[in-house]
Amino acid sequence: MLPSHARTARRSALTALGALVLAGLPSAAVADPTPAAGPVPTAAQTLGADRPSPHLLAALQRDLGLNSEQASQRLVNEAEAGTRAGRLRNALGDRFAGAWVRGETSNELTVATTDDKDVPAIEAQGATAAVVERTLADLQAAKRKLDAAATRVKTLDTPVWYVDVPKNRIMVQATSQAAGSAFVKAAGLEGEDIGIRMTTVRPRLLQDVTGGDAFYIDDFARCSVGFSVTKGEQAGFATAGHCGRPGATTTGYDRTAQGTFQASAFPGKDMAWVATNDQWRPTPDVKARDGQEVQVTGSAQALVGASVCRSGSTSGWHCGTIEQHDTSVSYAEGRVDGLTRTTVCAEPGDSGGPYVAGAQAQGVTSGGSGDCASGGTTFFQPVNPILSDLGLTLVTAAAQTTPEQQDDGAQAWTSGRVYEAGTTVTRDGVRYQCLQTHQAQGAWAPAGTPALWQRL
């Protein structure tokens with residue numbers, strides 16, 4: 001987002017984070033019963049993974065030790081894996097226990113189930129089957145017990161807990177075995193398979209300097225622009241909630257008047273949005289390196305194991321992989337649930353900046369530990385809950401249309417709405433099931449995006 005008087009000099013760094021999802025191999029168990037007529041776009045084509053920014057590829061090569069061909073193939077594989085995983089999730093129903101990608105080019109998709117009778121259907125989609133004891137729903141229910149316990153007991157000595165999908169268990173990060181065991185007991189989970197990982201590291205918020213373009217709050221604190229959004233006719237940007245409270249005023253990187261915080265949540269969640277004045281225009285751009293940018297085309301959520309890149313003014317442009325979704329973190333300032341944990345490094349000052357997977361927006365920097373010299377862990381607030389909770393629409397490089405709703409009833413597909421994987425909608429009298437969590441774009445109607453929607 002840039003002031004109109006400075007558009008030719010500098011473009012604002014706005015967030016993007018990419019997800020990888022897409023078209024699966026044909027299988028009787030999960031195939032679309034009535035394919036659309038004409039050419040069917042692949043997952044990579046729908047999500048823009050087949051035409052990645054050279055700056056994104058360069059960062060993936062540097063940080064993940066890949067060559068150019070491997071980096072390009074990884075993005076395509078991750079996009080296709082997301083859709084295959086979505087189809088299998090819908091087919092397995094209550095038996096689904098998670099999905100993740102592995103390998104240098106993310107060429108191995110694993111889908112977990114609690115029933116060995118599902119193995120042939122999983123393998124028919126070109127995925128590796130893992131037969132485990134607990135469903136994803138069971139694991140999420142156990143984590144909610146820890147979340148509830150965290151409202152009653154102090155968690156400074158158990159700063160992180162999450163669902164570890166590949167290990168099919170809940171993990172608690174604790175400063176001692178005693179602290180971890182006490183937290184598990186408080187949640188009523190004694191006797192269950194809960195892993196306790198000992199560490200002295202405590203995550204911290206990262207708000208000292210900027211990530212992406214800087215903005216200043218009440219002429220005092222500094223944070224980073226996340227990504228451009230709109231709410232009705234009002235333009236603005238999303239950022240971290242710990243950066244400011246509703247009513248706080250902001251100035252831009254050039255210290256000119258910029259906007260006002262409209263809504264903010266922290267702790268609990270770490271999300272906010274700023275409404276900007278007419279001197280600042282929204283763009284789909286995320287700052288990469290050397291003044292270059294990556295453009296966001298959507299917000300499809302990436303799988304565990306997928307690559308992700310982050311922009312920040314302190315440490316620059318860095319990449320890593322997604323380790324877990326739905327992570328809870330206890331900062332000194334308060335607990336935040338629903339974060340995504342990554343191996344991307346970050347440093348104080350990168351807070352609020354954007355994460356992208358390919359061309360898909362993923363979220364904004366919340367906090368982390370370590371640094372970009374020795375390595376570290378970062379957590380981001382996912383973008384789709386920001387858009388849904390705050391009623392925002394992501395600004396993308398894809399063709400935009402006026403938000404619309406067809407058919408009567410709550411399940412009618414609506415452009416601009418965030419859909420969770422597994423949600424069923426109708427469009428033009430046809431029922432579809434969502435394959436990957438994303439915000440519906442006008443150009444992403446279900447009939448034309450089999451990478452995101454399965455016809456029922």
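Everything numeric here is computed off the predicted structure, so don't read it as measured data. (Residues numbered from 1 in each chain as written. Predicted model: local features only at pLDDT ≥ 70, side-chain atom pairs only at ≥ 80, totals over all residues. Heavy atoms only, no water.)

Enquirer: For this particular structure, what's the right way to read the sheet that holds strand E9 (residues 214-217)?
Expert: Strand pairs in the sheet, formed through backbone hydrogen bonds, run parallel or antiparallel to each other. Ordered in space as E10-E9-E13-E14-E15-E12-E11-E25, the eight strands form an open sheet in which the pairing is antiparallel. Strands with a single pairing partner mark the edges of an open sheet, and in this sheet they are strand E10 (221-224) and strand E25 (393-394). The sheet contact formed by strand E11 (residues 227-231) and E25 spans two bridges and is antiparallel. From the neighbouring strand, Thr230 faces E25, where its bridge partner is Thr393. Docked against the sheet, helix H7 (residues 383-390) engages E11, strand E12 (234-239), strand E14 (257-265), strand E15 (271-276) and E25, running at close to 60° with respect to E15. (Pairing = 2+ DSSP bridges. Helix = DSSP H or I, 4+ residues; strand = E, 2+ residues; numbered from the N terminus. Contact = heavy atoms within 4.5 Å. Axes fitted to C-alpha atoms, helices over the stretch in contact; angles between N-to-C directions.)

Enquirer: Is there a simple way to explain the state of the cysteines in this structure?
Expert: Such a bond, covalent and formed between the sulfur atoms of two cysteines, is termed a disulfide. Inspection of every chain in the model, using the stated rule, returns three disulfides. Note that Cys345 is cross-linked by a disulfide to Cys372, the S-S spacing being 2.0 Å. Between Cys345 and Cys372, the S-S torsion sits near 100°, and that sign places the bridge as right-handed. Pair noted here: Cys345 is in the loop between strand E21 (334-342) and strand E22 (354-357) and Cys372 is in the loop between strand E23 (360-371) and strand E24 (375-382), with a separation of 27 residues, a long-range link. For Cys345, a relative accessible area of 10% gives the class buried. Given a relative accessible area of 24%, Cys372 falls into the partly exposed group. For the chain, the bonded cysteines pair up as 1-2, 3-4, 5-6 when numbered in the order they occur along the sequence. (Disulfide = S-S within 2.5 Å. Buried < 20%, exposed > 50% of the residue type's maximum accessible area, 1.4 Å probe, protein only.)

Enquirer: Help me out: how do you make sense of the pattern of salt bridges in this one?
Expert: Opposite charge on two side chains makes pairing possible when the charged atoms of those side chains draw close. For the coordinates displayed, the defined rule picks out 13 salt bridges. Arg427 is paired through a salt bridge with Asp428; the nearest N and O atoms lie 3.9 Å apart. Taken together, the shared-partner salt bridges in this structure form one network comprising Arg134, Arg169 and Asp193. (Salt bridge = Lys/Arg side-chain N within 4 Å of Asp/Glu carboxyl O.)

Enquirer: In this structure, what is going on with the sheet that holds strand E2 (residues 96-102)? I would like to understand it.
Expert: One open sheet holds the three strands; their spatial order is E2-E3-E4, and the pairing between them is mixed. Strands with a single pairing partner mark the edges of an open sheet, and in this sheet they are E2 and strand E4 (128-131). Averaged over all neighbouring strand pairs, the angle between strand axes comes to 20°, with direction disregarded. Bridge count between E2 and strand E3 (residues 108-113): five bridges; the pairing is antiparallel.

Enquirer: When you look at unusual backbone geometry in this model, what are you seeing that I'm missing?
Expert: Peptide bonds are, in most cases, trans, and in most cases residues other than glycine have a negative phi. A cis geometry characterises the amide bond from Phe266 onward to Pro267, with omega recorded as -5°. With respect to the secondary-structure elements, Pro267 resides in the loop between E14 and E15. The phi torsion at Arg255 lies on the positive side, around 70°, for a residue other than glycine. Accessibility expressed as a relative area gives 46% for Arg255, which makes it partly exposed. The phi torsion at Asp326 lies on the positive side, around 55°, for a residue other than glycine. Locating Asp326 in the fold gives a position in strand E20 (residues 316-331). Overall, Asp326 belongs to the partly exposed group, its relative accessible area being 30%.

Enquirer: Would you mind showing me how to read the packing of helix H2 (residues 54-64) against helix H3 (residues 68-92) here?
Expert: Packed helices, taken two at a time, are described by the angle between their axes plus the distance between the axes. Where H2 meets H3, the axes come as close as 9 Å, and the angle between the chain directions of the two elements is 105°. In this view, H2 runs roughly perpendicular relative to H3, as classed from their interaxial angle. On H3, the residues touching Leu56, Leu57, Leu60, Gln61 and Leu64 of H2 are Ser68, Ala71, Ser72, Arg74 and Leu75. Each residue belonging to the contact of H2 with H3 can be placed in one class, and the counts come to six nonpolar, three polar and one charged. (Parallel < 35°, antiparallel > 145°, perpendicular 65-115°, else oblique. Nonpolar A, V, L, I, M, F, W, Y, C, P; charged D, E, K, R; others polar.)

Enquirer: Could you clarify how one ought to interpret H3 in this entry?
Expert: Relative to the 36 Å expected for 25 residues at 1.5 Å per residue, H3 spans 36 Å between its end C-alpha atoms, a close match to the ideal helical length. At the N-terminal end of H3, a side-chain oxygen is found 3.1 Å from the backbone nitrogen of Glu69, two or three residues along, and the residue is Asn67. The first or second residue beyond H3 is Gly93, which carries a positive phi of 60°. (Expected span 1.5 Å × (residues − 1). Polar contact = N/O pair within 3.5 Å; in protein donor to acceptor, adjacent residues only side chain to side chain.)

Enquirer: Which parts of the structure should I look at to understand the layout of surface pockets?
Expert: In this approach, a probe sized like a water molecule rolls over the atoms, and the result shows the empty space that is left. Taken as a whole, the largest pocket encloses approximately 960 Å³ of empty space. Looking at the largest pocket, it is lined by 40 residues, and the ones nearest its centre are Gln140, Gln301, His325, Asp326 and Glu420. Those elements that place two or more of their residues in the lining of the largest pocket are H3, E2, helix H5 (136-149), E20, E21, E23, E24 and H7. When its residues are assigned to classes, the lining of the largest pocket shows 17 nonpolar, 14 polar and nine charged. (1 Å grid on protein atoms, 1.4 Å probe; cavity = no way out; pocket = protein on both sides within 12 Å on 5 of 7 lines; lining within 4 Å. Points joined across faces, edges and corners; volume = space filled by probe spheres on them.)

Enquirer: What is the right way to read the packing of aromatic side chains from this model?
Expert: A ring pair, where both rings are aromatic, is described by two values, the distance of the centres and the angle of the planes. If you walk through the whole model with that rule in mind, you get six aromatic pairs. Aromatic pair Trp161 and Phe183: ring centres 4.9 Å apart, planes at 70°, arrangement edge-to-face. Taken together, the residues Trp161 in strand E5 (residues 160-164) and Phe183 in helix H6 (residues 177-186) connect sequence positions 22 residues apart. By relative accessible area, which is 0% here, Trp161 ends up buried. (Phe/Tyr/Trp six-rings, centres within 6.5 Å; stacked < 30°, edge-to-face > 60°.)

Enquirer: I keep staring at the pairing of E3 and nothing clicks. Help me out?
Expert: Where a strand is regular, its side chains alternate between the two sheet faces. With five of six residues buried, E3 lies mostly within the body of the structure. Once E2 ends, the chain turns through five residues before running back antiparallel as E3, passing Gly103 with a positive phi of about 100°. As judged from the four bridges shared by E3 and E4, these two strands associate in the parallel manner. From the neighbouring strand, Val111 faces E4, where its bridge partner is Ala129. Note that the unit made of E3, helix H4 (residues 119-124) and E4 has a crossover that is right-handed. (Right-handed = clockwise from strand over helix to strand, strands pointing away.)

Enquirer: Looking at this structure, how should I read H7?
Expert: Helical geometry: 3.6 residues make up each α-helical turn, so side chains three or four residues apart lie on a common side. Within H7, the full set of buried residues consists of Val383, Asn384, Ile386, Leu387 and Leu390. Axial view of H7: buried residues confined to an arc of 160°, hence all on one face. (Arc of directions from axis to C-beta.)

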